[in-house]
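Survey of secondary and tertiary structure
What follows is the residue order along each chain.
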Amino acid sequence: MSPEEIVDGQLAAYNARDLERFLGFYAEDVPVLAFPSGEVLADRSGPAFRERYAALFAASPDLHAELVSRVTHGRLVIDQERVTGFMGDEERAAVAVYEVGAERIEKVWFAV
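**With respect to the nonpolar core**
Counting 29 residues, the largest nonpolar core has Tyr14, Phe22, Tyr26, Tyr53 and Tyr98 as the members making the most contacts within it. Where this core is concerned, the elements lending two or more residues are helix 1 (3–16), helix 2 (19–23), strand 1 (32–35), helix 3 (47–59), strand 3 (76–86), strand 4 (90–100) and strand 5 (105–111). Element by element, the count of residues in this core is highest for helix 1, at 5 residues. With near-sequence residues (within four places) excluded, Tyr98 lies in contact with Val7, Gln10, Tyr26, Arg75, Leu76, Val77, Asp79, Glu81, Ile105, Lys107 and Val108.

**Things to note about the layout of surface pockets**
Its volume calculated, the largest pocket comes out at about 440 Å³. In terms of lining residues, the largest pocket is bounded by 23 residues, among which Tyr14, Arg44, Tyr53, Phe86 and Phe110 are the most central. Of all the elements, strand 4 adds the most residues to the lining of the largest pocket, at 5 residues.

**Focus on helix 1**
Taking 1.5 Å per residue as the helical rise, helix 1 with its 14 residues ought to reach 20 Å, and the 20 Å between its terminal C-alpha atoms agrees with that figure. Of the positions making up helix 1, those classed as buried are Pro3, Ile6, Val7, Gly9, Gln10, Leu11, Ala13 and Tyr14. One or two steps after helix 1, the chain reaches Arg17, where phi turns positive at roughly 55°.

**Comments concerning helix 3**
Since the α-helix packs 3.6 residues into each turn, any two residues three or four apart lie on the same face. The first and last C-alpha atoms of helix 3 sit 19 Å apart over 13 residues, in line with the 18 Å expected at 1.5 Å per residue. Of all the positions in helix 3, only Ala48, Phe49, Tyr53, Leu56 and Phe57 are classed as buried. Taken down its axis, helix 3 places every buried residue within 155° of arc, on the same side. Away from the buried face of helix 3 by more than 90 degrees, exposed residues Pro47, Glu51 and Ala58 are located. Buried residues along helix 3 sit in contact with helix 1, helix 2, strand 1, strand 3 and strand 5.

**Quick word on the packing of aromatic side chains**
For the structure shown, the criterion picks out 10 aromatic pairs. Judged by centre distance (5.9 Å) and plane angle (10°), the ring pair of Phe22 and Phe49 falls under stacked. Linking Phe22 in helix 2 with Phe49 in helix 3, this pair joins segments that are 27 residues apart in sequence. An identical accessibility class is assigned to Phe22 and Phe49; each is buried. Consider the rings of Tyr26 and Phe49, whose centres lie 4.7 Å apart with planes at 55°: the pair is tilted. Residue Tyr26 is found in the loop between helix 2 and strand 1, and its partner Phe49 is found in helix 3; the two are separated by 23 residues along the sequence. In this structure, Tyr26 and Phe49 share a single accessibility class: buried. Ring pairs connect the aromatic residues Tyr14, Phe22, Tyr26, Phe49, Tyr53 and Phe57, which therefore count as one cluster.

Thresholds, definitions, all that
- Residues numbered from 1 in each chain as written.
- Predicted model: local features only at pLDDT ≥ 70, side-chain atom pairs only at ≥ 80, totals over all residues.
- Heavy atoms only, no water.
- Core = buried A, V, L, I, M, F, W, Y, C linked by side-chain atoms within 4.5 Å.
- Buried < 20%, exposed > 50% of the residue type's maximum accessible area, 1.4 Å probe, protein only.
- Helix = DSSP H or I, 4+ residues; strand = E, 2+ residues; numbered from the N terminus.
- Contact = heavy atoms within 4.5 Å.
- 1 Å grid on protein atoms, 1.4 Å probe; cavity = no way out; pocket = protein on both sides within 12 Å on 5 of 7 lines; lining within 4 Å.
- Points joined across faces, edges and corners; volume = space filled by probe spheres on them.
- Expected span 1.5 Å × (residues − 1).
- Arc of directions from axis to C-beta.
- Phe/Tyr/Trp six-rings, centres within 6.5 Å; stacked < 30°, edge-to-face > 60°.

Right, here's the structure in full:
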């Protein structure tokens, strides 16, 4: 799969709130970093990744991320998203930079 196909797959699984399928698009113990600082977000990285998304999916039955724009540069995919239904009825703007390996997302940066 191409980097875009891998990122599209995780987005579809996110929108379906399908935790196992979502996790399958990520490397085990994936690091999640703040952009632009590069600080590791310990509450979202490695073992905490599964816990965070399991809780989010359980608490957000109307969760949906709409892709607003995308830039792909080699193995980097940069998505701007509009997220609705976050933790109930909250709406958020999100920017994520995915570093994609041969089969999975290996690193993620979130603009914070």
